[in-house]
Amino acid sequence: MRKVVCRCEDLTEEEIVHAIELGYDDIESLKRYTGATTGPCQGKGCLMHVLRILSQKTGKSIDEIGITTQRPPVNPVPLYILASGEEK
Amino acid sequence: MKVAIIGAGIAGLATAYFLAKEGVKVKVFEQKFLLHGASGRNSGGLTAQFKDEELIKLALRSEELYEKLQSEIGFNFLLRRSGYLKLAKTKEELEEVEFQRRFGLKLKLLHAEEVGEIFPDINTNAFKFASYYPRGGVVFPWAVIWGLAKGCKDLGVEIHDFKKAEVVVENGKVKGVSAGEFHEAEVVVNSAGAWSKEINEKLGIKDERVIVKEEICVTESIRPYLDPYILHVSNGLFLSQSMRGEIVGGIVGKSNGGVGSSFDFLVRYAKLATNLVPKLKGLSILRQWAGVYDEGINGKPVMGFSKVQGLYQLNGFGRNGMSIALACAEKATKEILNAQLR
(Lines give C-alpha, C1' and ligand atoms only; values in the text may rest on other atoms or scores of the structure.)
Protein backbone atom coordinates (compact mmCIF):
# COMPACT_ATOMS: atom_id res chain seq x y z
CA MET A 1 0.00 0.00 0.00
CA ARG A 2 1.36 3.43 -0.94
CA LYS A 3 0.75 6.20 1.54
CA VAL A 4 1.01 9.46 -0.38
CA VAL A 5 2.15 12.29 1.86
CA CYS A 6 2.75 15.08 -0.64
CA ARG A 7 0.52 15.07 -3.69
CA CYS A 8 2.22 17.96 -5.50
CA GLU A 9 5.61 16.28 -5.50
CA ASP A 10 4.24 12.72 -5.44
CA LEU A 11 5.99 11.64 -2.25
CA THR A 12 5.15 8.61 -0.15
CA GLU A 13 5.59 8.14 3.58
CA GLU A 14 8.27 5.58 2.79
CA GLU A 15 10.29 8.16 0.87
CA ILE A 16 10.06 10.65 3.72
CA VAL A 17 11.21 7.99 6.18
CA HIS A 18 14.07 7.05 3.88
CA ALA A 19 15.28 10.67 3.73
CA ILE A 20 15.15 10.94 7.54
CA GLU A 21 17.22 7.77 7.77
CA LEU A 22 19.76 9.28 5.37
CA GLY A 23 20.28 12.05 7.93
CA TYR A 24 17.98 14.78 6.61
CA ASP A 25 16.36 14.83 10.02
CA ASP A 26 15.56 18.48 10.64
CA ILE A 27 12.46 19.93 8.99
CA GLU A 28 14.28 22.41 6.73
CA SER A 29 16.70 19.80 5.40
CA LEU A 30 13.93 17.22 4.99
CA LYS A 31 11.84 19.72 3.03
CA ARG A 32 14.67 20.46 0.63
CA TYR A 33 15.88 16.90 0.13
CA THR A 34 12.43 15.45 -0.54
CA GLY A 35 10.81 18.50 -2.14
CA ALA A 36 7.88 18.18 0.27
CA THR A 37 6.11 21.55 0.81
CA THR A 38 7.77 23.08 -2.27
CA GLY A 39 5.07 22.27 -4.82
CA PRO A 40 1.97 24.24 -5.82
CA CYS A 41 0.31 23.80 -2.39
CA GLN A 42 3.43 25.11 -0.61
CA GLY A 43 2.89 22.75 2.29
CA LYS A 44 -0.78 23.30 2.96
CA GLY A 45 -1.51 19.66 2.24
CA CYS A 46 1.64 17.94 3.41
CA LEU A 47 3.52 19.89 6.09
CA MET A 48 1.54 18.41 8.98
CA HIS A 49 2.03 14.86 7.68
CA VAL A 50 5.76 15.46 7.25
CA LEU A 51 5.94 16.87 10.77
CA ARG A 52 4.11 13.85 12.19
CA ILE A 53 6.45 11.41 10.45
CA LEU A 54 9.54 13.35 11.53
CA SER A 55 8.27 13.49 15.10
CA GLN A 56 7.54 9.76 15.17
CA LYS A 57 10.93 8.89 13.69
CA THR A 58 13.07 11.18 15.84
CA GLY A 59 11.05 11.19 19.06
CA LYS A 60 11.11 15.00 19.05
CA SER A 61 7.94 16.95 19.78
CA ILE A 62 6.32 19.06 17.05
CA ASP A 63 7.32 22.17 19.03
CA GLU A 64 10.94 21.08 19.14
CA ILE A 65 10.95 20.41 15.40
CA GLY A 66 9.25 23.67 14.48
CA ILE A 67 7.89 24.38 11.02
CA THR A 68 9.50 25.51 7.79
CA THR A 69 9.81 29.22 7.08
CA GLN A 70 6.49 30.25 5.54
CA ARG A 71 7.19 32.16 2.37
CA PRO A 72 4.92 34.44 0.38
CA PRO A 73 2.67 34.36 -1.57
CA VAL A 74 -0.02 32.43 0.35
CA ASN A 75 -1.47 31.13 -2.90
CA PRO A 76 0.17 31.02 -6.35
CA VAL A 77 -0.20 34.35 -8.17
CA PRO A 78 0.19 34.64 -11.97
CA LEU A 79 2.96 36.91 -13.21
CA TYR A 80 0.59 39.04 -15.33
CA ILE A 81 -1.33 40.03 -12.20
CA LEU A 82 1.84 40.88 -10.30
CA ALA A 83 3.12 42.81 -13.32
CA SER A 84 0.05 45.07 -13.17
CA GLY A 85 1.04 46.21 -9.67
CA GLU A 86 2.54 49.61 -9.01
CA GLU A 87 6.25 49.97 -8.49
CA LYS A 88 7.36 51.82 -5.42
CA MET B 1 46.90 18.25 11.02
CA LYS B 2 43.48 19.27 12.30
CA VAL B 3 41.37 21.84 10.48
CA ALA B 4 38.09 23.39 11.60
CA ILE B 5 35.92 24.95 8.93
CA ILE B 6 33.21 27.45 9.77
CA GLY B 7 30.36 27.46 7.27
CA ALA B 8 29.04 24.44 5.36
CA GLY B 9 28.41 26.17 2.06
CA ILE B 10 30.02 25.23 -1.23
CA ALA B 11 33.39 26.77 -0.28
CA GLY B 12 33.63 25.24 3.18
CA LEU B 13 32.45 21.77 2.18
CA ALA B 14 34.64 21.60 -0.93
CA THR B 15 37.67 22.63 1.13
CA ALA B 16 36.80 19.99 3.72
CA TYR B 17 36.56 17.40 0.98
CA PHE B 18 39.89 18.31 -0.66
CA LEU B 19 41.70 18.45 2.69
CA ALA B 20 40.25 15.12 3.83
CA LYS B 21 41.49 13.55 0.61
CA GLU B 22 45.00 14.60 1.70
CA GLY B 23 44.55 12.87 5.03
CA VAL B 24 43.74 15.94 7.10
CA LYS B 25 41.32 15.58 10.01
CA VAL B 26 38.51 18.02 9.26
CA LYS B 27 35.49 19.21 11.18
CA VAL B 28 32.90 21.49 9.60
CA PHE B 29 30.60 23.73 11.66
CA GLU B 30 27.36 25.15 10.34
CA GLN B 31 25.35 27.55 12.48
CA LYS B 32 22.01 26.43 10.98
CA PHE B 33 21.04 23.64 8.61
CA LEU B 34 23.02 22.97 5.44
CA LEU B 35 21.63 25.19 2.64
CA HIS B 36 20.66 27.97 5.05
CA GLY B 37 23.11 30.46 3.55
CA ALA B 38 23.76 31.70 0.04
CA SER B 39 24.71 28.23 -1.24
CA GLY B 40 21.13 27.16 -0.61
CA ARG B 41 19.41 30.31 -1.81
CA ASN B 42 20.99 31.16 -5.13
CA SER B 43 19.72 30.44 -8.63
CA GLY B 44 22.59 28.19 -9.76
CA GLY B 45 23.91 30.20 -12.68
CA LEU B 46 27.32 29.07 -13.93
CA THR B 47 29.54 31.24 -16.06
CA ALA B 48 33.09 32.41 -16.65
CA GLN B 49 32.07 35.76 -18.19
CA PHE B 50 33.96 37.88 -15.69
CA LYS B 51 35.92 41.11 -16.04
CA ASP B 52 38.94 39.87 -14.14
CA GLU B 53 41.60 37.35 -15.13
CA GLU B 54 41.70 35.64 -11.75
CA LEU B 55 37.93 35.16 -11.70
CA ILE B 56 37.89 33.76 -15.23
CA LYS B 57 40.61 31.25 -14.40
CA LEU B 58 38.86 30.19 -11.22
CA ALA B 59 35.62 29.71 -13.13
CA LEU B 60 37.29 27.63 -15.84
CA ARG B 61 38.94 25.42 -13.23
CA SER B 62 35.61 25.09 -11.43
CA GLU B 63 34.02 23.80 -14.63
CA GLU B 64 36.53 20.94 -14.61
CA LEU B 65 36.07 20.33 -10.90
CA TYR B 66 32.30 19.97 -11.23
CA GLU B 67 32.80 17.11 -13.69
CA LYS B 68 35.53 15.53 -11.59
CA LEU B 69 33.69 15.72 -8.28
CA GLN B 70 30.39 14.42 -9.63
CA SER B 71 31.98 11.17 -10.74
CA GLU B 72 34.43 10.92 -7.85
CA ILE B 73 31.74 11.35 -5.20
CA GLY B 74 29.09 9.55 -7.18
CA PHE B 75 26.45 12.22 -6.86
CA ASN B 76 24.55 13.98 -9.62
CA PHE B 77 24.76 17.77 -9.23
CA LEU B 78 22.03 18.17 -11.89
CA LEU B 79 24.30 20.37 -13.94
CA ARG B 80 23.18 21.49 -17.38
CA ARG B 81 25.62 23.19 -19.73
CA SER B 82 23.04 24.87 -21.89
CA GLY B 83 24.64 28.27 -22.11
CA TYR B 84 24.76 31.54 -20.22
CA LEU B 85 23.34 34.63 -21.90
CA LYS B 86 24.31 38.10 -20.79
CA LEU B 87 21.93 40.63 -22.32
CA ALA B 88 22.54 44.37 -22.53
CA LYS B 89 21.06 47.51 -23.97
CA THR B 90 24.41 48.87 -25.14
CA LYS B 91 27.50 47.25 -26.62
CA GLU B 92 29.70 49.02 -24.04
CA GLU B 93 28.14 46.93 -21.30
CA LEU B 94 29.55 43.84 -23.01
CA GLU B 95 32.95 45.19 -24.07
CA GLU B 96 34.52 42.66 -21.70
CA VAL B 97 34.00 40.00 -24.40
CA GLU B 98 37.32 40.69 -26.13
CA PHE B 99 39.16 40.45 -22.82
CA GLN B 100 37.41 37.19 -21.94
CA ARG B 101 38.24 35.63 -25.31
CA ARG B 102 41.95 36.02 -24.48
CA PHE B 103 41.52 33.30 -21.87
CA GLY B 104 40.01 30.89 -24.33
CA LEU B 105 36.34 31.54 -23.67
CA LYS B 106 34.37 30.65 -26.78
CA LEU B 107 31.99 33.57 -26.64
CA LYS B 108 29.52 34.77 -29.22
CA LEU B 109 28.64 38.43 -29.36
CA LEU B 110 25.11 38.46 -30.71
CA HIS B 111 22.52 40.96 -31.86
CA ALA B 112 19.10 40.67 -30.27
CA GLU B 113 17.62 38.98 -33.36
CA GLU B 114 20.26 36.27 -33.25
CA VAL B 115 19.33 35.51 -29.62
CA GLY B 116 15.84 34.82 -30.96
CA GLU B 117 17.36 31.83 -32.73
CA ILE B 118 18.60 30.38 -29.42
CA PHE B 119 15.39 31.15 -27.53
CA PRO B 120 12.53 32.04 -29.88
CA ASP B 121 10.16 33.36 -27.20
CA ILE B 122 12.50 36.13 -26.05
CA ASN B 123 11.38 39.72 -26.69
CA THR B 124 14.18 41.07 -28.87
CA ASN B 125 13.11 44.64 -28.09
CA ALA B 126 14.00 44.28 -24.43
CA PHE B 127 17.76 44.42 -25.17
CA LYS B 128 20.13 45.08 -28.08
CA PHE B 129 23.16 42.84 -27.64
CA ALA B 130 24.13 39.62 -25.94
CA SER B 131 27.24 37.74 -24.93
CA TYR B 132 26.59 34.01 -25.19
CA TYR B 133 28.81 31.52 -23.40
CA PRO B 134 27.87 27.99 -24.52
CA ARG B 135 29.84 26.30 -21.68
CA GLY B 136 27.88 28.19 -19.04
CA GLY B 137 24.65 26.88 -17.65
CA VAL B 138 22.68 25.97 -14.59
CA VAL B 139 23.44 23.75 -11.62
CA PHE B 140 21.09 22.72 -8.82
CA PRO B 141 22.85 24.29 -5.80
CA TRP B 142 21.15 21.99 -3.29
CA ALA B 143 22.47 18.91 -5.07
CA VAL B 144 25.99 20.37 -5.03
CA ILE B 145 25.81 20.80 -1.25
CA TRP B 146 24.26 17.35 -0.67
CA GLY B 147 26.90 15.80 -2.90
CA LEU B 148 29.83 17.58 -1.26
CA ALA B 149 28.47 16.69 2.19
CA LYS B 150 28.23 13.06 1.14
CA GLY B 151 31.78 13.15 -0.24
CA CYS B 152 32.99 14.65 3.05
CA LYS B 153 31.22 12.07 5.20
CA ASP B 154 32.56 9.22 3.07
CA LEU B 155 36.06 10.50 3.89
CA GLY B 156 35.35 10.75 7.60
CA VAL B 157 34.80 14.49 7.85
CA GLU B 158 32.59 15.46 10.79
CA ILE B 159 29.84 17.87 9.81
CA HIS B 160 28.23 19.57 12.80
CA ASP B 161 25.02 21.32 11.81
CA PHE B 162 23.13 23.71 14.10
CA LYS B 163 26.44 24.53 15.78
CA LYS B 164 27.56 28.14 15.80
CA ALA B 165 31.33 28.10 16.12
CA GLU B 166 33.57 30.80 17.55
CA VAL B 167 37.24 31.02 16.76
CA VAL B 168 39.44 30.49 19.82
CA VAL B 169 42.63 32.53 19.69
CA GLU B 170 45.54 32.58 22.13
CA ASN B 171 48.51 34.94 21.79
CA GLY B 172 47.55 35.84 18.25
CA LYS B 173 47.34 32.21 17.20
CA VAL B 174 44.37 29.98 16.42
CA LYS B 175 43.75 27.20 18.95
CA GLY B 176 40.54 25.83 17.50
CA VAL B 177 36.85 26.63 17.72
CA SER B 178 34.29 26.66 20.45
CA ALA B 179 30.91 25.25 19.44
CA GLY B 180 29.22 24.20 22.63
CA GLU B 181 32.46 22.38 23.38
CA PHE B 182 36.05 23.10 22.37
CA HIS B 183 37.47 21.56 19.19
CA GLU B 184 41.21 21.83 18.73
CA ALA B 185 42.58 22.85 15.33
CA GLU B 186 45.82 24.25 13.90
CA VAL B 187 43.96 25.96 11.09
CA VAL B 188 40.48 27.51 11.13
CA VAL B 189 38.84 28.37 7.82
CA ASN B 190 36.40 31.27 7.78
CA SER B 191 34.04 30.28 4.97
CA ALA B 192 30.87 31.58 6.59
CA GLY B 193 29.79 33.75 3.64
CA ALA B 194 27.77 36.76 4.74
CA TRP B 195 28.45 35.80 8.36
CA SER B 196 32.25 35.64 7.92
CA LYS B 197 32.50 39.41 8.32
CA GLU B 198 31.02 39.17 11.81
CA ILE B 199 33.55 36.46 12.70
CA ASN B 200 36.42 38.66 11.51
CA GLU B 201 35.20 41.77 13.28
CA LYS B 202 34.91 39.86 16.53
CA LEU B 203 38.60 38.98 16.18
CA GLY B 204 39.52 42.60 15.50
CA ILE B 205 40.24 41.95 11.82
CA LYS B 206 39.30 44.89 9.63
CA ASP B 207 36.79 43.73 7.05
CA GLU B 208 35.54 46.09 4.37
CA ARG B 209 33.38 43.64 2.48
CA VAL B 210 29.84 44.61 1.60
CA ILE B 211 26.87 42.42 2.53
CA VAL B 212 24.29 42.26 -0.24
CA LYS B 213 20.69 41.14 -0.12
CA GLU B 214 19.13 39.54 -3.16
CA GLU B 215 15.59 38.33 -3.76
CA ILE B 216 14.49 35.37 -5.86
CA CYS B 217 11.22 33.64 -6.70
CA VAL B 218 10.06 30.47 -8.48
CA THR B 219 7.09 29.63 -10.62
CA GLU B 220 5.26 26.33 -10.89
CA SER B 221 7.08 23.67 -12.93
CA ILE B 222 6.65 23.42 -16.68
CA ARG B 223 8.13 21.18 -19.39
CA PRO B 224 11.72 21.92 -20.50
CA TYR B 225 11.30 25.32 -22.12
CA LEU B 226 14.19 27.68 -21.41
CA ASP B 227 17.70 26.35 -22.05
CA PRO B 228 20.20 29.11 -21.21
CA TYR B 229 20.63 31.01 -17.97
CA ILE B 230 19.77 34.64 -18.69
CA LEU B 231 21.17 37.74 -16.99
CA HIS B 232 20.13 41.16 -18.23
CA VAL B 233 23.05 43.32 -17.14
CA SER B 234 21.28 46.62 -17.83
CA ASN B 235 18.42 46.06 -15.40
CA GLY B 236 19.66 43.22 -13.19
CA LEU B 237 16.97 40.70 -14.14
CA PHE B 238 18.04 37.06 -14.15
CA LEU B 239 16.05 33.95 -14.89
CA SER B 240 16.54 30.33 -15.85
CA GLN B 241 14.72 27.04 -15.72
CA SER B 242 15.72 24.66 -12.97
CA MET B 243 16.04 20.93 -13.53
CA ARG B 244 12.75 20.62 -11.62
CA GLY B 245 11.11 22.70 -14.32
CA GLU B 246 10.47 25.86 -12.34
CA ILE B 247 11.39 29.25 -13.75
CA VAL B 248 13.76 30.62 -11.09
CA GLY B 249 14.46 34.31 -11.26
CA GLY B 250 15.30 37.49 -9.45
CA ILE B 251 16.95 40.86 -9.63
CA VAL B 252 20.62 41.44 -8.82
CA GLY B 253 20.83 42.57 -5.20
CA LYS B 254 21.70 45.76 -3.41
CA SER B 255 23.50 46.25 -0.15
CA ASN B 256 20.68 46.88 2.27
CA GLY B 257 20.85 44.00 4.71
CA GLY B 258 18.06 41.83 6.07
CA VAL B 259 16.75 38.62 4.60
CA GLY B 260 13.04 39.43 4.30
CA SER B 261 11.00 38.98 1.13
CA SER B 262 9.28 42.04 -0.30
CA PHE B 263 6.15 42.46 -2.39
CA ASP B 264 7.84 45.32 -4.22
CA PHE B 265 10.39 42.85 -5.53
CA LEU B 266 7.66 40.58 -6.94
CA VAL B 267 6.09 43.47 -8.83
CA ARG B 268 9.42 44.65 -10.25
CA TYR B 269 10.41 41.12 -11.18
CA ALA B 270 7.06 40.35 -12.80
CA LYS B 271 7.31 43.48 -14.96
CA LEU B 272 10.88 42.77 -16.10
CA ALA B 273 10.40 39.03 -16.62
CA THR B 274 7.17 39.27 -18.61
CA ASN B 275 8.66 42.05 -20.72
CA LEU B 276 11.66 39.87 -21.59
CA VAL B 277 9.69 36.63 -22.05
CA PRO B 278 6.02 37.59 -22.62
CA LYS B 279 4.85 33.96 -22.64
CA LEU B 280 5.70 33.65 -18.94
CA LYS B 281 2.68 35.85 -18.13
CA GLY B 282 0.34 32.99 -17.29
CA LEU B 283 2.79 31.22 -14.97
CA SER B 284 2.19 31.57 -11.25
CA ILE B 285 4.74 32.47 -8.61
CA LEU B 286 4.74 29.77 -5.94
CA ARG B 287 7.34 31.07 -3.56
CA GLN B 288 9.77 33.89 -2.99
CA TRP B 289 12.72 34.27 -0.68
CA ALA B 290 15.79 36.38 -0.06
CA GLY B 291 19.42 35.65 0.68
CA VAL B 292 22.56 37.50 1.63
CA TYR B 293 26.04 37.25 0.25
CA ASP B 294 29.34 38.94 0.96
CA GLU B 295 31.11 40.79 -1.80
CA GLY B 296 34.87 41.21 -1.83
CA ILE B 297 36.51 44.49 -2.84
CA ASN B 298 36.44 44.83 -6.67
CA GLY B 299 34.29 41.70 -6.79
CA LYS B 300 37.22 39.46 -5.91
CA PRO B 301 37.09 36.63 -3.40
CA VAL B 302 39.07 36.90 -0.19
CA MET B 303 41.51 34.02 0.13
CA GLY B 304 44.55 33.55 2.31
CA PHE B 305 45.86 33.57 5.86
CA SER B 306 45.06 36.63 7.93
CA LYS B 307 46.84 38.43 10.76
CA VAL B 308 45.53 35.92 13.29
CA GLN B 309 47.95 33.06 12.80
CA GLY B 310 46.24 29.94 11.44
CA LEU B 311 43.05 31.71 10.41
CA TYR B 312 42.38 31.23 6.69
CA GLN B 313 39.92 33.50 4.91
CA LEU B 314 37.74 31.93 2.24
CA ASN B 315 34.89 34.30 1.52
CA GLY B 316 33.82 37.33 -0.48
CA PHE B 317 32.46 35.35 -3.45
CA GLY B 318 29.66 37.81 -4.11
CA ARG B 319 27.18 36.45 -6.64
CA ASN B 320 29.80 34.14 -8.14
CA GLY B 321 30.13 31.42 -5.53
CA MET B 322 28.65 28.62 -7.59
CA SER B 323 30.87 29.57 -10.54
CA ILE B 324 34.20 29.91 -8.75
CA ALA B 325 34.10 28.45 -5.21
CA LEU B 326 35.22 24.92 -6.12
CA ALA B 327 38.46 26.23 -7.60
CA CYS B 328 38.89 28.59 -4.65
CA ALA B 329 38.54 25.63 -2.29
CA GLU B 330 41.17 23.74 -4.24
CA LYS B 331 43.52 26.71 -4.01
CA ALA B 332 42.80 27.12 -0.30
CA THR B 333 43.60 23.46 0.27
CA LYS B 334 47.01 23.85 -1.39
CA GLU B 335 47.83 26.95 0.64
CA ILE B 336 46.78 25.32 3.92
CA LEU B 337 48.85 22.21 3.20
CA ASN B 338 51.88 24.30 2.16
CA ALA B 339 51.69 26.45 5.28
CA GLN B 340 51.78 23.31 7.35
CA LEU B 341 54.96 22.12 5.65
CA ARG B 342 56.85 25.29 6.51
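Just above, that's the structure.
Residues numbered from 1 in each chain as written. Chains lettered and ligands numbered in written order. Predicted model: local features only at pLDDT ≥ 70, side-chain atom pairs only at ≥ 80, totals over all residues. Heavy atoms only, no water.

Caption draft 1: Focus on the overall build of chain A. Each helix and strand counted, chain A has five helices and three strands in total. Since a compact globule built from 88 residues should have a radius of gyration of about 12 Å, the 15 Å found for chain A marks it as more spread out than a globular shape. The buried share among the 88 residues of chain A stands at 48%. Split by element, the accessible area of chain A, about 5100 Å² in all, is 51% carbon and sulfur. Distance between charge centres in chain A, computed from 11 positive and 13 negative side chains, equals 3 Å. (Helix = DSSP H or I, 4+ residues; strand = E, 2+ residues; numbered from the N terminus. Rg over C-alpha atoms; globule rule 2.2 N^0.38 Å. Buried < 20%, exposed > 50% of the residue type's maximum accessible area, 1.4 Å probe, protein only. Areas by Shrake-Rupley, 256 points an atom, 1.4 Å probe, with all protein chains shown as cover. Lys, Arg positive; Asp, Glu negative; His and termini not counted. Charge placed at Lys NZ, Arg CZ, Asp CG, Glu CD.)

Caption draft 2: The interface of chain A and chain B, seen in detail. Between chain A and chain B, the contact holds 28 residues from the first and 30 residues from the second. Summed over the three residues of chain A that lose the most area to chain B, namely Arg32, Leu79 and Leu82 of chain A, the buried surface amounts to 28% of that side. Where chain A meets chain B, there are one salt bridge. One salt bridge connects Glu9 of chain A with Arg244 of chain B, and the closest N-O pair in it is separated by 3.1 Å. Where chain A touches chain B, the interface holds ten residue pairs in polar contact (both at pLDDT 80 or more). When residues of the side of chain A that touches chain B are traced back to their parent elements, those giving at least two are helix H2 (27-34), strand E3 (77-78) and helix H5 (79-83) of chain A. (Contact = heavy atoms within 4.5 Å. Buried area = accessible area lost by both parts, 1.4 Å probe. Salt bridge = Lys/Arg side-chain N within 4 Å of Asp/Glu carboxyl O. Polar contact = N/O pair within 3.5 Å; in protein donor to acceptor, adjacent residues only side chain to side chain.)

Caption draft 3: Region of interest: the side chain of Glu13 of chain A. Residues and elements named next belong to chain A. Tracing the chain through its elements places Glu13 in helix H1 (residues 13-21). For Glu13, a relative accessible area of 15% puts it in the buried group. The residues touching Glu13, leaving out its near neighbours within four places in the chain, are Lys3, Val5, Arg52 and Ile53.

Caption draft 4: Highlighting the sheet that holds strand E2 (residues 25-29) of chain B. All names here are of chain B. Taken together, the six strands give an open sheet; going across it, the order is E8-E2-E1-E12-E19-E18, and neighbouring strands pair in mixed fashion. Either end of the sheet is taken by a strand with one partner, and the two such strands are strand E8 (158-160) and strand E18 (302-305). Neighbour to neighbour, the strand axes of the sheet diverge by 15° on average, direction disregarded. When E2 meets E8, the two strands line up parallel, connected through three bridges. Among the inter-strand pairings, Phe29 is bridged to a residue of E8, identified as His160. (Pairing = 2+ DSSP bridges. Axes fitted to C-alpha atoms, helices over the stretch in contact; angles between N-to-C directions.)

Caption draft 5: Layout of the nonpolar core. The biggest cluster of nonpolar side chains holds 74 residues, and the ones touching the most others in it are Ile10, Leu13, Val26, Val28, Tyr66, Leu148 and Leu314 of chain B. In this structure Ile10 of chain B touches Ser39, Tyr66, Val144, Ile145, Leu148, Gly321, Met322, Ala325 and Leu326 of chain B, once residues within four positions along its chain are discounted. Within the second largest apolar cluster, 32 residues are counted, among which are Leu82 and Ala83 of chain A together with Ala126 and Ile285 of chain B. (Core = buried A, V, L, I, M, F, W, Y, C linked by side-chain atoms within 4.5 Å.)

Caption draft 6: Spatial organisation of the sheet that holds strand E9 (residues 166-170) of chain B. Residue and element names in this part refer to chain B. An order of E9-E10-E11 is seen for the three strands of this open sheet, with the pairing classed as antiparallel. Taken across any chain shown, the strands that pair with only one partner, and hence form the sheet edges, are E9 and strand E11 (181-184). Here the strands of the sheet are splayed against their neighbours by 35° on average, with no regard to which way each runs. As defined by bridge partners, strand E10 (residues 173-179) adjoins E11 across four bridges and the pair is classed as antiparallel. What sits directly across from Ala179, in E11, is Glu181.

Caption draft 7: Up close: the packing of helix H2 (residues 53-73) of chain B against helix H5 (residues 141-154) of chain B. Residue and element names in this part refer to chain B. One can describe the packing of H2 onto H5 by two numbers: an axis separation of 10 Å at closest approach and a directional angle of 55°. With respect to each other, H2 and H5 are oriented oblique. Of the two possible hands of crossing, H2 and H5 adopt the one that is left-handed. From H2, Tyr66, Leu69 and Ile73 reach across to H5, where they touch Val144, Gly147, Leu148, Lys150 and Gly151. Here the contact of H2 with H5 is composed, by residue class, of five nonpolar, two polar and one charged. (Parallel < 35°, antiparallel > 145°, perpendicular 65-115°, else oblique. Left-handed = near helix turned anticlockwise from the far one by under 90°. Nonpolar A, V, L, I, M, F, W, Y, C, P; charged D, E, K, R; others polar.)

Caption draft 8: Representation of the environment of Lys206 of chain B within the structure. Residues and elements named next belong to chain B. Residue placement: Lys206 occurs in the loop between helix H6 (196-202) and strand E13 (210-221). Note on Lys206: relative accessible area 71%, which makes it exposed. Expressed as a C-alpha distance, the spacing of Lys206 and Lys307, which sit 101 residues apart in the sequence, is 10.0 Å. Here Glu208 takes part through its side chain, which lies 3.3 Å from a polar atom of the side chain of Lys206.

Caption draft 9: Expanded view of H1 of chain A. All names here are of chain A. Considered for burial, the residues of H1 that qualify are Glu13, Ile16, Val17, Ala19 and Ile20. End-on view of H1: buried residues confined to an arc of 160°, all on one side of the axis. H1 presents Glu14 and Glu21 as exposed residues on the side facing more than 90 degrees away from its buried surface. Note on H1: the residue one or two positions beyond its end, Gly23, has a positive phi of about 115°. (Arc of directions from axis to C-beta.)

Caption draft 10: View of the environment of Leu22 of chain A. Of note, Leu22 of chain A is situated in the loop between H1 and H2. For Leu22 of chain A, a relative accessible area of 43% gives the class partly exposed.

Caption draft 11: Highlighting helix H7 (residues 263-276) of chain B. Over its 14 residues, H7 of chain B runs 20 Å from end to end, which matches the ideal 20 Å to within 8%, given 1.5 Å per residue. For H7 of chain B, the set of buried residues is Asp264, Phe265, Leu266, Val267, Tyr269, Ala270, Ala273, Thr274 and Leu276 of chain B. (Expected span 1.5 Å × (residues − 1).)

Caption draft 12: Representation of unusual backbone geometry in the model. The step from Pro72 of chain A to Pro73 of chain A runs through a cis peptide bond, and the omega angle for that step is -5°. Among the structural elements, Pro73 of chain A can be located in the loop between helix H4 (62-65) and E3. Phi is positive for Phe162 of chain B, close to 55°, though the residue is something other than glycine. Topologically, Phe162 of chain B is positioned in the loop between E8 and E9. On the basis of relative accessible area, Phe162 of chain B is assigned to the partly exposed category, the value being 43%.

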